[in-house]
Amino acid sequence: DSLLVPSKSHLAGFCSSFEPVSKSPWFWLVQLLPFLALLFGFIIHRRQNRLANDPHFARVTQLNAVLREHLSKMDNAVSSDDSQLFFAAARSAIQIQAAIATGKKPEDVTCDLVMQKAPEASDAVVEIFGEADQAAYGGGLATAVSLAQWKQQTQDILAILEKEIH
């Protein structure tokens, strides 16, 4: 009743080559991609493990996080015109950046040490540390405009200290 009929009534085109695909260079390049991805992942994993076990890297990472907090406090202090908070955060930020550059604890960083690391900014360092002491102990207030200028000076000092690191 039902006859088997071929699905095509014409001949197919001829194959250009009967050479196995495994002899083609692009085939091996495609096979190399997963291996390279695996190798790349392994290298990244080893690097992360090595950095996680490196106390210097952990210390610098922690200090950078604290530095970002102090920079945020400086921004908030400028907008709220709080000179005490600003100068405390500015001095702490400078001490932290100098601590990263010298390998010392931030609380052990003095104005003299910062001036040694950044001699071109020594006048600004003395002024900022002095203003921080004045704001902390004397309650001296600066205007928002001067706080913005102090913020720029602090950022310049931080940039100089960062160059010392790299």
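As a reminder, the structure under discussion sits directly above these lines.
Residues numbered from 1 in each chain as written. Predicted model: local features only at pLDDT ≥ 70, side-chain atom pairs only at ≥ 80, totals over all residues. Heavy atoms only, no water.

Student: Help me understand the overall build of the chain in this model?
Tutor: Secondary structure assignment for the chain yields six helices and zero strands. Secondary structure elements of the chain, listed N to C terminal, follow the sequence α-α-α-α-α-α. Considering the chain as a whole, with its 166 residues, one finds that 28% of them fall into the buried category. Summed over all atoms, the accessible surface of the chain reaches about 11,700 Å², with 59% contributed by carbon and sulfur. (Helix = DSSP H or I, 4+ residues; strand = E, 2+ residues; numbered from the N terminus. Buried < 20%, exposed > 50% of the residue type's maximum accessible area, 1.4 Å probe, protein only. Areas by Shrake-Rupley, 256 points an atom, 1.4 Å probe, with all protein chains shown as cover.)

Student: Which parts of the structure should I look at to understand the environment of D108?
Tutor: Looking at the element boundaries, D108 is found in the loop between α3 (83-102) and α4 (111-117). D108 sits twelve residues away from I96 along the chain, and the two C-alpha atoms are 9.8 Å apart.

Student: Hey, could you run me through the nonpolar core in this one?
Tutor: Grouped together as the largest cluster of nonpolar side chains are 34 residues, with contacts concentrated most on F86, F87, I94, V114, I157 and L161. When contributions to this core are tallied by element, the ones reaching two or more residues are α2 (55-80), α3, α4, α5 (122-138) and α6 (144-165). Per-element accounting of this core gives the leading share, ten residues, to α3. Discounting residues that sit within four places of it in the chain, L161 has contacts with I94, Q97, A98, A101, V114, K117 and A118. (Core = buried A, V, L, I, M, F, W, Y, C linked by side-chain atoms within 4.5 Å. Contact = heavy atoms within 4.5 Å.)

Student: Please explain the packing of α3 against α5 as it appears in this structure.
Tutor: The packing of two helices is summarised by the inter-axis angle and the distance between the axes. Where α3 meets α5, the closest approach of the two axes is 8 Å, and the angle between their N-to-C directions is 140°. As the angle between them shows, α3 and α5 are arranged oblique. You can see that α3 and α5 cross each other, and the crossing is left-handed. Contact with α3, carried on its side by S83, Q84, F87, A90, R91, I94 and Q95, involves I128, F129, E131, A132, D133, A135 and A136 of α5 and no other residues of that element. In terms of residue class, the contact of α3 with α5 is made up of eight nonpolar, three polar and three charged. (Axes fitted to C-alpha atoms, helices over the stretch in contact; angles between N-to-C directions. Parallel < 35°, antiparallel > 145°, perpendicular 65-115°, else oblique. Left-handed = near helix turned anticlockwise from the far one by under 90°. Nonpolar A, V, L, I, M, F, W, Y, C, P; charged D, E, K, R; others polar.)

Student: Honestly, a nonpolar patch on the surface in this entry has me stumped. Any pointers?
Tutor: Taken together, L29, L32, L33, F35, L36, L39, F42 and I43 make up a surface patch of nonpolar side chains, about 780 Å² in accessible area. For F42, the position within the fold is in helix α1 (residues 25-52). (Patch = residues over 30% accessible without salt bridge, like charges linked within 9 Å, V, L, I, M, F, W, Y side chains within 5 Å. Salt bridge = Lys/Arg side-chain N within 4 Å of Asp/Glu carboxyl O.)

Student: Looking at this structure, how should I read unusual backbone geometry?
Tutor: Trans peptide bonds make up most of the peptide bonds, and negative phi angles are found at most residues other than glycine. One non-glycine residue, D81, lies in the positive phi region at around 55°. Within the secondary structure layout, D81 lies in the loop between α2 and α3.

Student: I would appreciate a short explanation of the pattern of salt bridges in the present structure.
Tutor: Proximity of charged atoms lets side chains of opposite charge pair with each other. A complete count under the given rule lists two salt bridges for this structure. Ionic pairing is found between K151 and D75, a salt bridge with its closest N-O pair at 2.4 Å. One end of the pair, K151, is in helix α6; the other, D75, is in helix α2, with 76 residues separating them in the sequence.

Student: Before we go on, may I ask you to explain α3 in this structure?
Tutor: Since the α-helix advances by 3.6 residues per turn, residues separated by three or four positions end up pointing in the same direction. Spanning 20 residues, α3 covers 28 Å between terminal C-alpha atoms, matching the ideal 28 Å at 1.5 Å per step. Burial of α3 is extensive: 15 of the 20 residues sit out of reach of the surface. Put simply, D82 is the residue that caps the front of α3, since its side-chain oxygen is 3.3 Å from the backbone nitrogen of Q84. After α3 finishes, the residue G103 shows a positive phi value of roughly 85°. (Expected span 1.5 Å × (residues − 1). Polar contact = N/O pair within 3.5 Å; in protein donor to acceptor, adjacent residues only side chain to side chain.)

Student: Where do I start with the packing of aromatic side chains in this structure?
Tutor: When we look at a pair of aromatic rings, we describe it by the centre distance and by the angle of the planes. The tally for this structure, following the rule as stated, stands at three aromatic pairs. Arranged with centres 5.3 Å apart and planes meeting at 80°, the rings of F27 and W28 form a pair that is edge-to-face. When its relative accessible area of 22% is taken as the criterion, F27 is described as partly exposed. Seen in terms of ring centroids, F87 and W150 are 5.5 Å apart; in terms of plane orientation they differ by 75°. Their pairing is edge-to-face. Of this pair, F87 sits in helix α3 while W150 sits in helix α6, placing them 63 residues apart in sequence. (Phe/Tyr/Trp six-rings, centres within 6.5 Å; stacked < 30°, edge-to-face > 60°.)

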